[in-house]
Amino acid sequence: MFYIYILRSLSHNTLYVGSSKYPRSRLEEHNRGKVRYTKGRMPWELVYKESFSSRAEAMKRERFLKSGQGRKWVKENLKI
């Protein structure tokens, strides 16, 4: 299984969209400062994830969620 996940910064109230085979351990990496992009906005909480049978499907969904329409979908459906 592959996953896309959305994290919310508890300190800045910003969102981060990513993909991983292990979203919980990836969240721990974000919160330990191991990811350069998210390091300055710690701590993070997992607010959403979706599972996919292939990495290609997960990457396609991740690209969508990072697009304008995808950000709109997140805002309307997740109420974050």
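For the structure, see preceding data.
Scope of this entry: the structure provided in the associated data block. As the structure is a prediction and not an experimental result, all values here were calculated from the model.

**Some thoughts on the packing of aromatic side chains**
This structure, assessed with the given rule, holds four aromatic pairs. Ring geometry for Tyr 5 versus Tyr 16: centroids 6.4 Å apart, planes at 40°, classification tilted. One end of the pair, Tyr 5, is in strand S1 (residues 2-9); the other, Tyr 16, is in strand S2 (residues 15-20), with eleven residues separating them in the sequence. Considered together, Tyr 5 and Tyr 16 belong to a single accessibility category, that of buried residues. Both rings, one in Tyr 16 and one in Tyr 37, keep their centres 5.7 Å apart while their planes meet at 35°; by these two values the pair is tilted. In this pair, Tyr 16 is assigned in strand S2 and Tyr 37 in the loop between helix H1 (23-31) and strand S3 (44-52), connecting sequence segments 21 residues apart. An aromatic cluster of at least three residues, connected via ring pairs, comprises Tyr 5, Tyr 16, Tyr 37 and Trp 44. Over the ring of Trp 73 we find Arg 61; its NZ or CZ atom is 4.6 Å from the centre of that ring.

Cut-off values and rules
- Residues numbered from 1 in each chain as written.
- Predicted model: local features only at pLDDT ≥ 70, side-chain atom pairs only at ≥ 80, totals over all residues.
- Heavy atoms only, no water.
- Phe/Tyr/Trp six-rings, centres within 6.5 Å; stacked < 30°, edge-to-face > 60°.
- Helix = DSSP H or I, 4+ residues; strand = E, 2+ residues; numbered from the N terminus.
- Buried < 20%, exposed > 50% of the residue type's maximum accessible area, 1.4 Å probe, protein only.
- Lys NZ or Arg CZ within 6 Å of the ring centre and 35° of its normal.

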